[in-house]
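Descriptive structure summary
Take a look at the letters that make up each chain.
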Amino acid sequence: MSVLKQVNNILIVGASQGIGLGFVKKLLPRENTARIYATYRHPQSASELIKLADEYPQKLICLAMDVTEEKQISTCVEQLSVQIDKLHLVINCVGILHEGSLQPEKSLRQVNPEHLLRYFQVNSIGAVLLAKHLLPLFRHPDKSIFASISAKLGSIGDNQLGGWYGYRASKAALNMLMRNVAIEYGRSSPNTVVVTLHPGTTDTRLSQPFQKNVPQEKLFSVERTVTQLLTVIEKLQPHDSGQFFSWDGSRLPW
Ligand SMILES: NC(=O)c1ccc[n+]([C@@H]2O[C@H](COP(=O)([O-])OP(=O)(O)OC[C@H]3O[C@@H](n4cnc5c(N)ncnc54)[C@H](OP(=O)(O)O)[C@@H]3O)[C@@H](O)[C@H]2O)c1
């Protein structure tokens, strides 16, 4: 049975806006959704999410979490564990492409070690820390899914264009870390399917400065992306754990 068909507890990490907020909006009205926990970093950029939680106080609970602070991850998981003993679906939607002076590098001249570290801290390391702390909430007999939003730009095999060193490398690292998690969870939490997902170019704050050369039909609305990714998630089978999927359900090269 699909995870989405059973009554479920859901955690959306990075739900303040963009694709994460889209998942919250889409999953909230479902009858099978028992509870959604949604994390944000700053209340300033999470006003829509916080307003939604006021409308659905029993069903939507917002928690503060910066994934670059392991203490914040562990505190958040402790808060969750007081209320529930199992999670069925976790979608990690955290990611940065630009952040103030950190901008995707066009050439080696722009490569900056601090910026590279920041890409890895947010886009790669946060995800493996989530896997570390969430493991106890996945260890139950029901089927569960741990999905991280990656990017096709992180595919080494698909890279023909170059550039965007930090973003590409941090997403490639995310893919490797999640592949490792899938192998370890396969032993310690065998009912959990661990995947990385490419959402397709989606109209969010992250893609906004880079949209001008994207043909209209290739720029998805958040609603469309979330619907497509939920279709992929719904079809996941145990043997899919450790794989990297695109928005249309096809497998992407590493
Ligand atoms: N949009 C696209 O075209 C596209 C394409 C391929 C892959 N992706 C991936 O899709 C995912 C979602 O991106 P999006 O397009 O929805 O972008 P977005 O609207 O900018 O959302 C990114 C989310 O990540 C959160 N975040 C950033 N740094 C964080 C940190 N240190 N700790 C916790 N949360 C943090 C943001 O929170 P704040 O509001 O606090 O900043 C926000 O909730 C990302 O992994 C991105 O790489 C997007």
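Our structure is the block above this text.
Quick look at the structure, then. Note on numbering: residues in each chain are counted from 1, in written sequence order. Side-chain atom pairs in this predicted model are given and counted only at pLDDT of 80 or more, local residue features only at pLDDT of at least 70, and totals for whole chains, interfaces and linings cover all residues. Hydrogens and water molecules were not included; the side-chain quantities draw on all heavy atoms of the structure.

Attention shifts here to the packing of aromatic side chains. Each Phe, Tyr or Trp ring, with Trp reduced to its six-membered ring, pairs with another whose centre is within 6.5 Å; inter-plane angles below 30 degrees give stacked pairs, above 60 give edge-to-face pairs, and intermediate values give tilted ones. All told, the structure shown has seven aromatic pairs when counted by the stated rule. Measuring from centroid to centroid gives 6.4 Å for W164 and Y167, while their planes differ by 80 degrees, and the two rings are edge-to-face. Taking the centre distance of 5.9 Å and the plane angle of 25 degrees together, the rings of F244 and W254 count as stacked. Placement of the pair is F244 in strand β7 (residues 244-246) and W254 in the segment after β7, with a sequence separation of ten residues. For the purposes of this entry, the term helix denotes a DSSP run of H or I that reaches at least four residues, the term strand denotes a run of E that reaches at least two, and both are numbered from the N terminus.

Between any two strands, at least two bridges found by DSSP are needed for them to pair. The seven strands are arranged β3-β2-β1-β4-β5-β6-β7 in an open sheet whose pairing can be described as parallel. Bordering the open sheet on either side are β3 (60-64) and β7, each of which pairs with just one other strand. When strand polarity is set aside, the average angle formed by the axes of neighbouring strands in this sheet is 20 degrees. Relative to strand β2 (residues 33-40), strand β1 (residues 8-13) is paired through five bridges, and the arrangement is parallel. Pairing of N9 across the sheet is with R35, part of β2. Along the sheet, helix α1 (residues 18-27) contacts β1, β2, β3, β4 (89-92) and β5 (144-149); its crossing angle with β1, the most-contacted strand, is approximately 160 degrees. In what follows, a contact means two residues having at least one pair of non-hydrogen atoms within 4.5 Å. Geometry is summarised by axes, namely lines fitted to C-alpha atoms with helices restricted to the contacting stretch, and by angles between N-to-C directions that run from 0 to 180 degrees. Where helix α5 (residues 165-188) meets the sheet, it contacts β5, β6 (192-198) and β7, and its direction lies at approximately 165 degrees from that of β6.

On the secondary structure map, I50 appears in helix α2 (residues 47-55). The buried label applies to any residue whose accessible area, calculated with a 1.4 Å probe on protein chains only, is under 20% of its type's maximum; exposed applies above 50%, and partly exposed to all values in between. Since its relative accessible area comes to 29%, I50 is described here as partly exposed. Those residues in contact with I50 that sit more than four places away from it in its chain are P43 and C62.

For each residue, the test is whether any non-hydrogen atom lies within 4 Å of the molecule or strand; if one does, the residue is near. For the ligand, the set of nearby residues contains 30 residues, the closest of which are S16, R41, S45, Y167 and T204. For the purposes of these results, a polar contact is taken to be a pair of N or O atoms within 3.5 Å, where, inside protein, one atom must be able to donate a hydrogen and its partner to accept one; residues adjacent in sequence count only when each atom of the pair is a side-chain atom. One nitrogen or oxygen atom from the main chain of V94 is found 2.9 Å from an oxygen atom belonging to the ligand. Within the contact set of the ligand, an oxygen atom lies 2.8 Å away from a backbone nitrogen or oxygen of T202. Counting residues per element, the ones that place at least two in the shell around the ligand are α1 and α5. Residue classes follow a fixed rule: Ala, Val, Leu, Ile, Met, Phe, Trp, Tyr, Cys and Pro count as nonpolar, while Asp, Glu, Lys and Arg count as charged, and any other residue, Gly among them, counts as polar. Tallied by class, residues from the shell around the ligand come to twelve nonpolar, 14 polar and four charged.

Below, the discussion takes up the pairing of β2. Counting buried residues in β2 gives six out of eight residues, a clear majority hidden from the surface. Traced from β1 through α1 to β2, the parallel crossover comes out right-handed. As judged from the five bridges shared by β2 and β3, these two strands associate in the parallel manner. The partner of T39 across the bridge, within β3, is L63. With respect to chirality, the unit in which β2 leads through α2 into the neighbouring parallel β3 is right-handed. Handedness is read with the strands pointing away from the viewer; a crossover is right-handed when the path from the first strand over the helix to the second is clockwise.

Shape descriptors only; they carry no functional weight alone.
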